[in-house]
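# Notes for the structure review
Residue-level listing of the chains:
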There are 2 protein chains.
Amino acid sequence: MAQRYELMKGNIDSLLLCLIGRQPMYGYQIIRELESRSQGYFKFKEGTLYPALHRLEADGLIIGKWQVLPNGRQRRYYHITDKGYLSLVEKRTQWQELLAAVSLIMQPPVNT
Amino acid sequence: MAQRYELMKGNIDSLLLCLIGRQPMYGYQIIRELESRSQGYFKFKEGTLYPALHRLEADGLIIGKWQVLPNGRQRRYYHITDKGYLSLVEKRTQWQELLAAVSLIMQPPVNT
DNA sequence: AATACTACCTAGTCTTTCTATGTATAATAT
DNA sequence: ATATTATACATAGAAAGACTAGGTAGTATT
């Protein structure tokens, strides 16, 4: 992410909630999903993602459940909670408000 | 800013460069300008703004010049530099790219 | 005389993200 | 057979940004 990581501060949680809100997902899957859906823009590192997931779980916004695959391997699928869904709705609104505010600064309305 | 400050991480510099790029401004003025232009959304604290200005100056993106008012009071007006202008153009592009990427996650295109 | 506004500044704290590394199994390539 | 890549999780420590809280000082208002 390098030079543009600063732009993302505080937005990762929204993205994660958004994806997990559609269907339960596990960490590794989320990393690839974010990259493919954003056409390569997002390339999250494990060191960013897993702590973020743990934080969301600690806040009660998601719940992780271990699932064992036929081959014996384990995945931790995260499900969104009611609280998480409420938070997602709120974060969406906040994101829109931020966009509006930034637009007003970046592209100020013409003076009358 | 309270609950929404996290959304702003990394974007403050862009806003400051944008304003100062239009005309030289001093810190206190920037705080009020950001609030009025954003219709009350942005309420920057001094503890956020002044360090940000010093950071931008240390990076050579803006230059501060003390100006003495008729009543003897001092203001530090910041001017954008050539380097700062280039950075602003770049940051604008990055912001647009981020918006596009976030949109792809938040409002995924319908599957065909 | 007291309060509010203008105008600058910084120290310390908190949170987030990154880099770097570690563990372990499965699948593929040589 | 062995080496490499992909899958899948995890954490420690460092870096950076923004906040809280406080400070200084002159001017204007009540």
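Rules used throughout
- Residues numbered from 1 in each chain as written.
- Chains lettered and ligands numbered in written order.
- Predicted model: local features only at pLDDT ≥ 70, side-chain atom pairs only at ≥ 80, totals over all residues.
- Heavy atoms only, no water.
- Near = heavy atom within 4 Å.
- Polar contact = N/O pair within 3.5 Å; in protein donor to acceptor, adjacent residues only side chain to side chain.
- Helix = DSSP H or I, 4+ residues; strand = E, 2+ residues; numbered from the N terminus.
- Nonpolar A, V, L, I, M, F, W, Y, C, P; charged D, E, K, R; others polar.
- Axes fitted to C-alpha atoms, helices over the stretch in contact; angles between N-to-C directions.
- Parallel < 35°, antiparallel > 145°, perpendicular 65-115°, else oblique.
- Contact = heavy atoms within 4.5 Å.
- Buried < 20%, exposed > 50% of the residue type's maximum accessible area, 1.4 Å probe, protein only.
- Least-squares fit on C-alpha atoms with pLDDT ≥ 70 in both.
- Pairing = 2+ DSSP bridges.

Attention shifts here to the protein's contact with DNA strand C. Taken together, 28 residues lie around DNA strand C, and Gly-10, Thr-48 and Arg-73 of chain A together with Tyr-28 and Arg-75 of chain B are the ones closest in. Taken together, the sugar and phosphate atoms account for 70% of what DNA strand C places within 4 Å of the protein. A distance of 2.8 Å separates a phosphate oxygen of DNA strand C from a polar side-chain atom of Tyr-26 of chain B. For the surface near DNA strand C, the secondary structure elements donating two or more residues are α1 (5-8) and α4 (46-58) of chain A together with α2 (27-37), α3 (46-58) and β3 (74-80) of chain B. The element that contributes the greatest number of residues to the surface near DNA strand C is α3 of chain B, accounting for 5 residues. The residue makeup of the surface near DNA strand C, split by class, is 10 nonpolar, 7 polar and 11 charged.

So, about the protein's contact with DNA strand D. Among the 28 residues in the neighbourhood of DNA strand D, the closest are listed as Tyr-26, Tyr-28 and Arg-75 of chain A together with Gly-10 and Thr-48 of chain B. In the interface set of DNA strand D, defined as its atoms within 4 Å of the protein, sugar plus phosphate atoms amount to 71%. At the level of secondary structure, the elements contributing two or more residues to the surface near DNA strand D comprise α1, α3 (27-37), α4 and β3 (74-80) of chain A together with α3 of chain B. Counted by class, the surface near DNA strand D contains 10 nonpolar, 7 polar and 11 charged residues.

Residues and elements named next belong to chain A. Their axes nearest at 11 Å, the elements helix α2 (residues 12-22) and α3 cross at an angle of 100 degrees. Comparing the axis directions of α2 and α3 gives the class roughly perpendicular. Here α2 contributes Leu-15, Leu-16, Leu-19, Ile-20 and Arg-22 to the contact with α3, which in turn contributes Ile-30, Glu-33, Leu-34 and Arg-37. Residues that form the contact of α2 with α3 fall into these classes: 6 nonpolar, no polar and 3 charged.

Among all positions of α2 of chain B, only Gly-27, Gln-29, Ile-30, Ile-31 and Leu-34 of chain B are buried. Downstream of α2 of chain B by one or two residues, Gln-39 of chain B has phi in the positive range, about 55 degrees.

A few words now on the relation of the copies chain A and chain B. When chain A is fitted to chain B, the best match, at an RMSD of 0.1 Å, comes from turning it 180 degrees and sliding it 0.0 Å along the axis. The two molecules are tied by a two-fold rotation axis, judged by turn and shift. Across chain A, the rotation axis passes nearest the C-alpha of Lys-9 of chain A, at a separation of 2.6 Å.

Now for the sheet that holds β3 of chain B. All names here are of chain B. Read across the open sheet, the 3 strands follow the order β1-β3-β2; overall the sheet is antiparallel. Two strands lie at the open edges of the sheet, namely β1 (25-26) and β2 (62-68), each paired on one side alone. Note: β2 against β3, 7 bridges, orientation antiparallel. The residue bridging Gly-64 from the neighbouring strand is Tyr-78, located in β3. Packing against the sheet, helix α1 (residues 12-22) makes contact with β1, β2 and β3, and its axis sits at approximately 95 degrees to β3. Contacting β2 and β3, α3 runs over the sheet at an angle of about 115 degrees to β2.

All names here are of chain A. Read from one edge of the open sheet, 3 strands run β1-β3-β2, paired in antiparallel fashion. Looking at strand neighbours, the two that pair on one side only are β1 (25-26) and β2 (62-68), the edges of this open sheet. In this sheet, β3 lies alongside β1 in antiparallel orientation, the contact comprising 2 bridges. Residue pairing in the sheet places Tyr-26 in a bridge with Tyr-77 of β3. On top of the sheet, α4 reaches β2 and β3; it is set at about 115 degrees to β2, its chief contact.

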